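Each chain is listed here by its residues.
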There are 2 protein chains.
Amino acid sequence: MQTPDWIAVDWGTSNMRAWAMSASGTVLAEVRSDKGMGDLTPDQFEDAFRDATNGWDINVPIVACGMVGARQGWIEATYAAVPCPATPTGFTQPNSTLDVHIIPGLMQDSPADVMRGEETQIAGFLALNPNWDGVICLPGTHTKWAHISADEVISFQTYMTGDMFAALGDHTVLRHSVQSDDWDWDAFDTAVGDAMARPERIAARLFSLRAEGLLNGMTNATARARLSGLLIGAELAGAKPYWLGQQIAVIGAGNLTALYVRALALQSAPATQVKGDAITLAGLTAAYRRLKG
Amino acid sequence: MQTPDWIAVDWGTSNMRAWAMSASGTVLAEVRSDKGMGDLTPDQFEDAFRDATNGWDINVPIVACGMVGARQGWIEATYAAVPCPATPTGFTQPNSTLDVHIIPGLMQDSPADVMRGEETQIAGFLALNPNWDGVICLPGTHTKWAHISADEVISFQTYMTGDMFAALGDHTVLRHSVQSDDWDWDAFDTAVGDAMARPERIAARLFSLRAEGLLNGMTNATARARLSGLLIGAELAGAKPYWLGQQIAVIGAGNLTALYVRALALQSAPATQVKGDAITLAGLTAAYRRLKG
């Protein structure tokens, strides 16, 4: 393998990806490890990185994003306070023989909010789409909405909708009602509308999923789709000041992202779906150029 | 012990209470067992009852309420459909050598809803408070709101607020933020108001508890009280058509009931707090009299 000019690292809670990069942005090699931040103590990150990249020349700048910079990570990286430029700056270096630079997360004073990792996706999206203004939605366990203007992150808001979906589906009375591998699109669509219209009834509508199963034989597939629709619909009601009348990009892979795009379409809010794969690497590349520049 | 005329039983998911009763309503003896519905298969209920009441003459009418009548219980008891008289009628008898009569739960067609056990508390409250019209709130894992008029249950609505509190506090990112034995009343009050004003922002405000801890050192006691206030406030926003301008009774023991009374008071909605202990027995007594009458 050609000696890399730098190494890009996306180190999350449950796994790590690294790319050996040329200065021009070519990917020379790629590895993945299941040693996530959640499995490591601060003094174990360096060895985990060396193990994963065995055979690479790693005595080059290493730019990392994600939970590697959390309080429980390699070292707590600073937060940049919004509003701030979307391109990362102000890296944090762990105590290491390696030349590691961790990208700062973003914080917001009021309402209090934080992100770690998504800021790199935002930077990547803007690197690939210069001069883009609008709202970026990043669906996940903790879905982020970020308002972008003039290449700055103006504000953002996190909805813990995915985390709630898992907790409610697995650890409440609904665990009897929503376990299914099937799906009911009509139920999802109706539930989004119900929650948008009366978001305050969410805790009653959730119990109703159980009652509909007992009384009317509602299937688990329908109840599961309805649970998802109720939670995403309530989120869209809350995040309406973000997306209403804005250009919207939804970044992420797979089914969850498609649900947000569909729910927004039901509100006559067309959103562009952007696959996340290349976005994170583009953000790490933008950060590397800022580091060198 | 004097031979009872009948036996009253409150058999829930996690435990069972039985009272040996005289016809006039005197309690002759009382037992408690931790063999709840959740621990028993249908063919184990009779033995569990015999064990718990060992030494009693149990060849008398036995009137039971609660999850003993659930699908997973001794036998699935019918539901009475609202609107219907509050005093139970239409008992279900399991296949047993004992003379057991299980009180029907209540069901509602639309919005679909069910209750089992609380209907007996409602009957007991009305037996102790004849001609009472208004709204009864029964806080719990699944809090019930019931509209009462002319001794009938007109309609009801279940909010799974308690179930959500436990799932969110134990099984989401908030588990790091809300474990505490302390409490912050100011935070509770503020959160009730925040959720009443903007219930659709609940999933964002929940994540903010985590962010406030990371950024501003919010204590777990404050975050826990705020979590409770947000969920109860959102419930009050949803249940407003029930309680607004109505006479309100909140039935139940302990801290949770007091939280509802306080949250209602913050909305200038005075509620009477009624301890649940005697209420269930009064409801079972009303059911026994209907059975004999």
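Just so it is clear, the structure is predicted and the values come from calculations on it, not from any experiment. (Residues numbered from 1 in each chain as written. Chains lettered and ligands numbered in written order. Predicted model: local features only at pLDDT ≥ 70, side-chain atom pairs only at ≥ 80, totals over all residues.)

Undergrad: Mind showing me how you'd approach the overall build of chain A here?
TA: If you tally the helices and strands in chain A, you get nine helices and 14 strands. On C-alpha atoms alone, chain A measures out to a radius of gyration of 21 Å, which is about the 19 Å that the 2.2 N^0.38 rule sets for 293 residues. Its C-alpha atoms give chain A principal-axis dimensions of about 65 × 40 × 35 Å. Within chain A, the fraction of its 293 residues that count as buried is 52%. (Helix = DSSP H or I, 4+ residues; strand = E, 2+ residues; numbered from the N terminus. Rg over C-alpha atoms; globule rule 2.2 N^0.38 Å. Buried ≥ 20, exposed ≤ 12 C-beta atoms within 10 Å, placed from the backbone.)

Undergrad: Explain the sheet that holds strand E1 (residues 6–11) of chain B here, please?
TA: Adjacent strands of a sheet form backbone hydrogen bonds with each other and so pair up, either parallel or antiparallel. Residue and element names in this part refer to chain B. With respect to topology, five strands assemble into an open sheet ordered E3-E2-E1-E4-E7, the strand pairing being mixed. Across the chains shown, the open sheet's two edge strands, defined by having one partner strand only, are strand E3 (27–33) and strand E7 (100–102). Taken over all neighbouring pairs, the strand axes of this sheet differ in orientation by 20° on average, direction set aside. Where strand E2 (residues 16–21) and E3 come together, six bridges link them in antiparallel fashion. Each residue of the ladder has a partner; that of Ala20, found in E3, is Ala29. (Pairing = 2+ DSSP bridges. Axes fitted to C-alpha atoms, helices over the stretch in contact; angles between N-to-C directions.)

Undergrad: Help me understand the relation of the copies chain A and chain B in this model?
TA: For the pair of chain copies, the relating transformation is a rotation about an axis with a translation along it. For the pair chain A and chain B, the best superposition has an RMSD of 0.0 Å and corresponds to a rotation of 180° with a translation of 0.0 Å parallel to the axis. As the rotation angle and translation indicate, the two copies are arranged about a two-fold axis. No C-alpha of chain A approaches the rotation axis more nearly than that of Ala167(A), which lies at 2.8 Å. (Least-squares fit on C-alpha atoms with pLDDT ≥ 70 in both.)

Undergrad: Looking at this model, I keep getting lost on the environment of Glu118(B). Mind explaining?
TA: All names here are of chain B. Examined against the element boundaries, Glu118 turns out to sit in helix H2 (residues 118–128). Overall, Glu118 belongs to the buried group, with 27 C-beta atoms counted inside 10 Å. Sequence-wise, Glu118 and Gly238 are 120 residues apart; in three dimensions their C-alpha atoms are separated by 20 Å. If we skip the residues at most four places from it in the chain, Glu118 touches Leu138 and Lys144. (Contact = placed C-beta atoms within 7 Å.)

Undergrad: Before we go on, may I ask you to explain the interface of chain A and chain B in this structure?
TA: Where interface size is quoted, it is often the accessible area lost as the parts come together. On the chain B side, the residues contacting the 36 residues of chain A number 36 residues. Looking at the side of chain A that touches chain B, the elements with two or more residues in it are strand E9 (113–115), strand E12 (152–159), helix H3 (161–171), helix H5 (202–216) and helix H6 (220–238) of chain A. Looking at which element gives the most residues to the side of chain A that touches chain B, the answer is H5(A), with eleven residues. In terms of residue class, the side of chain A that touches chain B is built from 21 nonpolar, nine polar and six charged. (Nonpolar A, V, L, I, M, F, W, Y, C, P; charged D, E, K, R; others polar.)

Undergrad: I keep staring at the domain arrangement of chain A and nothing clicks. Help me out?
TA: Domain annotation of chain A identifies domain 1 (6–116) and domain 2 (161–274). Using C-alpha coordinates to define each centre, domain 1 of chain A is positioned 33 Å away from domain 2 of chain A. (Domains from an automatic or database assignment.)

Undergrad: For this particular structure, what's the right way to read helix H3 (residues 161–171) of chain B?
TA: Quick reminder: α-helices carry 3.6 residues per turn. Residues three or four places apart thus point the same way. Across the eleven residues that make up H3(B), a large majority, eight, are buried. Of all the residues in H3(B), the buried ones are Thr161(B), Gly162(B), Asp163(B), Met164(B), Phe165(B), Ala167(B), Leu168(B) and Gly169(B).

Undergrad: Is there a simple way to explain unusual backbone geometry in this structure?
TA: Of the consecutive residues Val82(A) and Pro83(A), the connecting peptide bond is found in the cis state with omega at -5°. As for its placement among the helices and strands, Pro83(A) is situated in the loop between strand E5 (79–81) and strand E6 (84–85). The linkage connecting Ser110(B) with the following residue, Pro111(B), adopts the cis geometry, with an omega of -5°. The residue Pro111(B) is located in the loop between strand E8 (105–108) and strand E9 (113–115) in this model. Despite not being glycine, Ser268(A) shows a phi value in the positive range, around 60°. For Ser268(A), a count of 6 C-beta atoms within 10 Å gives the class exposed. Here the phi dihedral of Asp151(B) falls at roughly 60°; this positive angle occurs in a residue that is not glycine.

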